[in-house]
Amino acid sequence: MNKVISFLTGAILGGLVGATIAILMAPSSGIELRGQIQERSIELRDEIKSVAQERRAELERELESLRAPSRKQQG
């Protein structure tokens, strides 16, 4: 589990750093730059939400599979 969290953290931070460098290196006006930053932050937020939802669903399935044997033993 720590490996997954470490990977996701690294991927997110790497994406942020890469996007920041790309935006800063690209020739554009201040208005365009602000628009690009806002667009990228929205995309990144949506991507993080999606990954978090997928991980939550995965953990819920895992928890349910762990609970299932104990229910059979009780019944």
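Please refer to the structure placed before this passage.
Residues numbered from 1 in each chain as written. Predicted model: local features only at pLDDT ≥ 70, side-chain atom pairs only at ≥ 80, totals over all residues. Heavy atoms only, no water.

Enquirer: Just give me the short version of the overall build of the protein, but keep the residues and values in it.
Expert: Across its full length, the protein holds two helices and zero strands. For the protein, the residues scored as buried account for 5% of the 75 residues in total. Entry remark: accessible area of the protein is about 6400 Å², with carbon and sulfur atoms responsible for 61%. (Helix = DSSP H or I, 4+ residues; strand = E, 2+ residues; numbered from the N terminus. Buried < 20%, exposed > 50% of the residue type's maximum accessible area, 1.4 Å probe, protein only. Areas by Shrake-Rupley, 256 points an atom, 1.4 Å probe, with all protein chains shown as cover.)

Enquirer: Requested: an account of the side chain of Arg 55, with residues and values cited.
Expert: On the secondary structure map, Arg 55 appears in helix H2 (residues 30-74). Under the relative-accessibility criterion, Arg 55 is labelled buried at 17%. At a separation of 2.8 Å, a polar atom in the side chain of Arg 55 contacts the side chain of Glu 58. (Polar contact = N/O pair within 3.5 Å; in protein donor to acceptor, adjacent residues only side chain to side chain.)

Enquirer: Can you lay out the pattern of salt bridges for me, pointing to particular residues and giving the numbers?
Expert: Under the counting rule described, the total for this entry stands at four salt bridges. Across the pair Arg 45 and Asp 46 runs a salt bridge, and its minimum N-O distance is 3.4 Å. In this structure Arg 45 comes out as partly exposed when scored by relative accessible area, which is 45%. Residue Glu 60 is joined to Arg 56 by a salt bridge in which the shortest nitrogen-to-oxygen separation is 3.0 Å. Pair noted here: Glu 60 and Arg 56 are both in helix H2, with a separation of four residues, about one helical turn. (Salt bridge = Lys/Arg side-chain N within 4 Å of Asp/Glu carboxyl O.)

Enquirer: Describe a nonpolar patch on the surface, and please don't skip the residues or the numbers.
Expert: Nonpolar side chains collect at one region of the surface, where Ile 12, Leu 13, Leu 16 and Ile 48 lie side by side and expose about 310 Å² of accessible area between them. For the nonpolar patch, the element with the highest residue contribution is helix H1 (residues 2-25), accounting for three residues. Residue position: Ile 48 is located in helix H2. For Ile 48, a relative accessible area of 36% gives the class partly exposed. (Patch = residues over 30% accessible without salt bridge, like charges linked within 9 Å, V, L, I, M, F, W, Y side chains within 5 Å.)

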